[in-house]
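# Structural description and commentary
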Amino acid sequence: MRSSRTVVEPGMPAVVVATGYGGPEVLSMVEVPTPELGPGQARIAVRAAGVNPADHKMYSGAFGTDPAALPLRLGLEAAGVITAVEPGATGPAGPVAVGDEVIVYRASGAYATEIVSPVQSLLPKPASLDWPQAAGLMVGGVTAWHCLAATAVGTGDTVLVHGAAGGVGIMAVQLAAGRGATVIATASPGKHAFLRELGAVPVAYGNGLADRVRELAPDGVDAAVDLVGTDEAVDVSVALVTDRARIATIAAFGRAQQEGIKALGNGPGADPGTDIRTAARLELARLADEGKLRVVVAETFPLASVADAHRLIKQGHTAGKIALLP
Ligand SMILES: NC(=O)c1ccc[n+]([C@@H]2O[C@H](COP(=O)([O-])OP(=O)(O)OC[C@H]3O[C@@H](n4cnc5c(N)ncnc54)[C@H](OP(=O)(O)O)[C@@H]3O)[C@@H](O)[C@H]2O)c1
């Protein structure tokens, strides 16, 4: 199998592209000219880029195979240092200037040594986070935030989180616990101790899940968020939660329509939640900075080893975030 190749001179700006549709072997690193700035934009030297399952789905064929879209740039989130911006520029948290350490979300083509981004996508990097953590805060964070807002999870609720040890799940567990909910969290048994540390009551997914959850929640389950998209997650959610408006999925969009539960994100018939997600960014940065929200980085890879990072993320069993380091 051909792995990702580097065709760049050291020190030259480089980006990752998918040159075709297929597996991680279609990823390459290529040299690009230093990006020009347009109005309202900044240039950022990327220190870390977050890896998400959606990045892999972009070129796997899951979202289509339009040859005109190739080569495809990848990467939705990054953290880095501003290297150019017009004087007086203001982002969502106030003025921004050269030298500022920032999170870039939502980014476009974040798998790169340098990116150009609208200033409106720049959030101050929480000082307490290192670069890989900062790069991995936002996709999981805003998605989890949207799920909990859509299902109105609050104090006294018991919420079932499916796929709780993943990039989105770790955020959902902590944010739900922070809202005063009891969190029952599905994961493979090896991750249960870790989920307990985050404030959840862990439970193994697989046959008999509904009964195990009933035992853990004798007074019932008020809401459920499906972060994995299996039939089991949807079936158990509708069996245990009476109010379908309090069940959300970010991955089982077809089932959501059939069952009358909420589909969230950029899928057919789903609610993208753009305003909720955009507004959540500053809150997430604040919580992380105050030590109330952990970003768990499972593994980091050099940018040139992007194909190895994607071989890992596509297995669907990482505990936390994967980050690429240019
Ligand atoms: N709609 C949106 O807005 C949106 C946003 C972000 C992500 N997503 C999608 O949501 C999904 C999760 O994203 P992520 O970043 O959290 O992925 P991730 O970091 O790869 O995590 C996947 C998690 O799923 C768990 N898992 C695997 N099989 C499972 C099963 N049968 N039952 C329960 N849990 C299982 C794994 O835990 P174990 O190792 O314990 O199995 C793993 O921790 C992906 O499909 C992604 O594309 C959608």
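Attention here is on the structure that accompanies the text. Computed from a prediction, not measured in an experiment: that's the story for all the values here. (Residues numbered from 1 in each chain as written. Predicted model: local features only at pLDDT ≥ 70, side-chain atom pairs only at ≥ 80, totals over all residues. Heavy atoms only, no water.)

## Some remarks on the overall build of the chain
Test applied: Per the convention used, a helix needs a DSSP run of H or I reaching at least four residues, while a strand needs a run of E reaching at least two, with both numbered from the N terminus. Restricting the calculation to C-alpha atoms gives the radius of gyration, and the globule rule supplies 2.2 Å times the number of residues raised to the power 0.38. Accessibility here uses a 1.4 Å probe with only protein chains present; expressed as a share of the type maximum, an area under 20% marks a residue as buried, one over 50% as exposed, and anything in between as partly exposed. Any two residues having at least one pair of non-hydrogen atoms within 4.5 Å are treated as being in contact. Under this rule, positive means Lys or Arg and negative means Asp or Glu; His and the chain ends count for nothing. Charged groups are reduced to one reference atom each: NZ for lysine, CZ for arginine, CG for aspartic acid, CD for glutamic acid.
Along the backbone of the chain there are 10 helices and 18 strands. Relative to the compact-globule value of 20 Å for 326 residues, the chain shows a C-alpha radius of gyration of 20 Å, a close match. Referenced to the eigenvectors of the C-alpha coordinate spread, the extents of the chain come out at roughly 60 × 45 × 35 Å. Going through the 326 residues of the chain one by one, you find that 52% of them count as buried. If you take every contact in the chain between residues at least 6 apart in sequence, the share linking residues at least 24 apart comes to 65%. Each charge sign in the chain was given a centre, from 25 positive and 31 negative side chains, and these centres are 2 Å apart.

## Examining the pattern of salt bridges
Filter applied, for reference: Definition used for salt bridges: Asp or Glu carboxyl oxygen within 4 Å of a side-chain nitrogen of Lys or Arg.
This model, assessed by the stated rule, comprises 13 salt bridges. With its nearest N and O atoms 3.0 Å apart, the salt bridge here joins Lys 321 to Glu 77. Of this pair, Lys 321 sits in strand β18 (residues 321-325) while Glu 77 sits in strand β5 (residues 77-85), and the two are 244 residues apart along the sequence. The partner of Glu 259 in a salt bridge is Arg 244, and the shortest N-O contact between them spans 3.2 Å. Here Arg 244 lies in the loop between α7 (231-240) and β15 (247-249) and Glu 259 lies in helix α8 (residues 253-259), a separation of 15 residues in the sequence. The partly exposed category is assigned to Arg 244, whose relative accessible area is 33%. In the salt-bridge network here, residues are joined through shared partners; they are Asp 231, Asp 235, Arg 244, Arg 255 and Glu 259.

## Quick word on unusual backbone geometry
Cis geometry marks the peptide bond from Leu 70 to Pro 71; its omega dihedral reads -10°. Turning to its location among the elements, Pro 71 is positioned in the loop between α1 (53-60) and β4 (72-73). The amide bond that connects Tyr 105 to the next residue, Arg 106, takes the cis arrangement and shows omega of 5°. Positionally, Arg 106 belongs in the loop between β8 (101-104) and β9 (114-118). Phi angles above zero are rare outside glycine, and Ala 152 is one such case at about 50°.

## Structural notes on the nonpolar core
Here is the rule: Among buried residues, the Ala, Val, Leu, Ile, Met, Phe, Trp, Tyr and Cys ones that are joined through side-chain atoms within 4.5 Å form a nonpolar core.
With 52 residues, the main nonpolar core has Leu 137, Met 138, Leu 195 and Leu 284 as its most contacted residues. Looking at this core, the element that brings in the most residues is helix α3 (residues 138-150), giving eight residues. Once residues lying within four places of it in the same chain are set aside, the contact partners of Leu 284 are Leu 137, Met 138, Gly 141, Val 142, Trp 145, Leu 175 and Leu 293. Core analysis: the next-biggest nonpolar cluster, separate from the first, contains 37 residues, Val 16, Ala 49, Leu 303 and Val 306 among them.

## Some words on the environment of Pro 53
Note that Pro 53 resides in helix α1. The exposure class assigned to Pro 53 is partly exposed, which follows from its relative accessible area of 43%. Separated by 73 residues in sequence, Pro 53 and Pro 126 have C-alpha atoms that sit 24 Å apart.

## A closer look at the site of the ligand
Quick note on the threshold: Residues are counted as near a molecule or strand when any one of their heavy atoms sits within 4 Å of it. The definition of a polar contact used here is a pair of N or O atoms within 3.5 Å, where within protein one atom must be able to donate a hydrogen and the other to accept one, and adjacent residues in sequence count solely through side-chain atom pairs. Only the protein chains shown count as covering a residue, and every accessible area follows the Shrake-Rupley method with a 1.4 Å probe. Under the scheme applied, nonpolar residues are Ala, Val, Leu, Ile, Met, Phe, Trp, Tyr, Cys and Pro; charged residues are Asp, Glu, Lys and Arg; polar residues are all the others, including Gly.
Residues in close proximity to the ligand total 24 residues, the closest being Lys 57, Ser 188, Lys 191, Tyr 205 and His 317. Between the ligand and Gly 167 there is a distance of 2.8 Å, counted from an oxygen atom to a backbone nitrogen or oxygen. Summarising the interface, the protein chains cover 87% of the accessible area of the ligand, which totals 920 Å² for the free molecule. Where the shell around the ligand is concerned, the elements lending two or more residues are α1 and α4 (167-178). Classifying every residue of the shell around the ligand by side-chain character gives 10 nonpolar, 11 polar and three charged.

## Description of the packing of aromatic side chains
Aromatic rings in a pair are described by how distant their centres are and how their planes are angled relative to each other. Quick note on the threshold: What counts as a ring pair is set by centres within 6.5 Å for rings of Phe, Tyr and Trp (its six-membered ring), and what kind of pair is set by the plane angle: stacked under 30 degrees, edge-to-face over 60, tilted for all other angles. In this scheme, Lys NZ or Arg CZ marks a charge over a ring once it lies within 6 Å of the ring centre and within 35 degrees of the ring normal.
Scanning the model with the defined rule gives zero aromatic pairs in all. The side chain of Lys 125 reaches across the aromatic face of Trp 131, ending 5.0 Å from its centre.

## Section: the sheet that holds strand β1 (residues 14-18)
Two strands in a sheet stick together by hydrogen bonds in their backbones, pointing the same way (parallel) or opposite ways (antiparallel). Quick note on the threshold: Whether two strands pair depends on DSSP finding at least two bridges between them.
One open sheet accounts for three strands, arranged β2-β1-β4; its pairing is antiparallel. Two strands in the sheet have a free side with no partner beyond their single neighbour: β2 (27-31) and β4.

## Some remarks on the sheet that holds strand β13 (residues 201-203)
Condition: With axes taken as lines fitted to C-alpha atoms, and helix axes fitted only over the stretch in contact, angles between N-to-C directions fall between 0 and 180 degrees.
Read across the open sheet, the six strands follow the order β13-β12-β11-β14-β15-β16; overall the sheet is parallel. Sheet topology places β13 and β16 (262-263) at the edges, where each strand pairs with a single neighbour. Pairing between strand β12 (residues 182-186) and β13: three bridges, direction parallel. Across the sheet, Thr 186 pairs through a bridge with Val 203, a residue of β13. Here α4 sits on the sheet in contact with β11 (158-162) and β12, set at roughly 165° to β12.

## Quick word on the environment of Gly 22
In this fold, Gly 22 is placed in the loop between β1 and β2. Taking the relative accessible area as the measure of exposure, Gly 22 reaches 24% and is therefore partly exposed. Distance from Gly 22 to Val 225, taken between C-alpha atoms, is 30 Å for residues 203 residues apart in sequence. Excluding its chain neighbours within four sequence positions, the residues that come into contact with Gly 22 are Tyr 59 and Ser 60.

## Things to note about the pairing of β12
Quick reminder of the rule: Whether a crossover is right-handed depends on one test, that the path from the first strand over the helix to the second runs clockwise when the strands point away from the viewer.
Where burial is concerned, most of β12 is hidden: four out of the five residues are buried. Bridge count for β11 against β12 is four bridges, and the pairing is parallel. Across the sheet, the residue bridging to Val 159 is Val 183, located in β12. Handedness of the β-α-β unit built from β11, α4 and β12 comes out right-handed.

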